[in-house]
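Inside the fold
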Amino acid sequence: GAVVSQHPSRVICKSGTSVKIECRSLDFQATTMFWYRQFPKQSLMLMATSNEGSKATYEQGVEKDKFLINHASLTLSTLTVTSAHPEDSSFYICSARDLVGSLSTDTQYFGPGTRLTVL
Amino acid sequence: GENVEQHPSTLSVQEGDSAVIKCTYSDSASNYFPWYKQELGKRPQLIIDIRSNVGEKKDQRIAVTLNKTAKHFSLHITETQPEDSAVYFCAASLGWTGGGADGLTFGKGTHLIIQP
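Described below are features of the structure shown in this document. (Residues numbered from 1 in each chain as written. Chains lettered and ligands numbered in written order. Predicted model: local features only at pLDDT ≥ 70, side-chain atom pairs only at ≥ 80, totals over all residues. Heavy atoms only, no water.)

It is worth spelling out the overall build of chain B at this point. Secondary structure summary: chain B contains zero helices and eleven strands in total. Scanning chain B from its N terminus toward the C terminus, one meets helices and strands in the order β-β-β-β-β-β-β-β-β-β-β. Computed over the C-alpha atoms, the radius of gyration of chain B is 14 Å, within 12% of the 13 Å expected from 2.2 N^0.38 for a compact globule of 116 residues. Seen along its three principal axes, the alpha-carbon backbone of chain B occupies a region of about 45 × 30 × 20 Å. Buried residues in chain B amount to 41% of all 116 residues. Of the roughly 5,800 Å² of accessible surface on chain B, 47% is carried by carbon and sulfur atoms. Of the side-chain charges in chain B, 11 are positive and 13 negative, and the distance between the mean point of each set is 4 Å. (Helix = DSSP H or I, 4+ residues; strand = E, 2+ residues; numbered from the N terminus. Rg over C-alpha atoms; globule rule 2.2 N^0.38 Å. Buried < 20%, exposed > 50% of the residue type's maximum accessible area, 1.4 Å probe, protein only. Areas by Shrake-Rupley, 256 points an atom, 1.4 Å probe, with all protein chains shown as cover. Lys, Arg positive; Asp, Glu negative; His and termini not counted. Charge placed at Lys NZ, Arg CZ, Asp CG, Glu CD.)

Structure (structure tokens):
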């Protein structure tokens, strides 16, 4: 149980284009999903918290107009990198917290990540 | 905000020996502390976690200890095996508060190398 998927696993795009990444909880519902970014040989950095049916909460220094987050259902959150540039190249990983009844557990289950390369 | 420090950055141990990785955190309100194992190019995998109302937790060869007063927690791996080689991350968060959600603040990671 508690499987999170991401699509696509890899994407290469030209500078200036937009890229959408999907994060799905396959066998559980998640009112809250998180988006992290990981540069090579570095740690994971929280970008934003995605709440189903409401606006995302962004961490300091993360541009909300550049990284658009939509959490339209209890099993799907999307991250759109708009007008991507080479410095946006990174490993983007989502996570989801299991919703058990009306309570959420602390445990975060991570997706397999999306490797974005902007040329 | 929360700040998590992790040491060492690289740890090399002989197969069969124990490995210890230490983390400190800054926010006394944090009450959830997971440890993740990440292999190259793959997702982080939760290996063990601990909440602030518990001082120690064990799962077979893996244990975690927490000292809330000192704001530090440690991962202990006994009888290490080659497949334990990976990058390990500690993290901290406020945890589920019932009124919102809180993301994880990660340490910088420890590259654990098990020497055969």
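Having seen the model, we can carry on.
It is worth spelling out the state of the cysteines at this point. Residue and element names in this part refer to chain A. Under the counting rule described, the total for this entry stands at two disulfides over all chains. The disulfide partner of C23 is C94, and the S-S distance across this bridge is 2.0 Å. Taking the sign of the torsion about the S-S bond as the criterion, the disulfide between C23 and C94, at about 80°, is right-handed. Placement of C23 in strand β3 (residues 19-25) and of C94 in strand β9 (residues 90-100) is noted, with a sequence separation of 71 residues between them. Side by side, C23 and C94 carry an identical accessibility label, which is buried. (Disulfide = S-S within 2.5 Å.)

The next subject is the nonpolar core. Residues and elements named next belong to chain A. Judged by nonpolar contacts, the single largest core of 24 residues is most densely connected at W35, F67, L79, Y92 and L116. Broken down by secondary-structure element, the contributors of at least two residues to this core are β2 (10-13), β3, β4 (32-38), β5 (44-51), β7 (67-73), β8 (76-81), β9 and β11 (114-118). Ignoring anything within four residues of it in the chain, the contact list for L116 reads V11, C13, V19, V81, D88, S89, S90 and Y92. (Core = buried A, V, L, I, M, F, W, Y, C linked by side-chain atoms within 4.5 Å. Contact = heavy atoms within 4.5 Å.)

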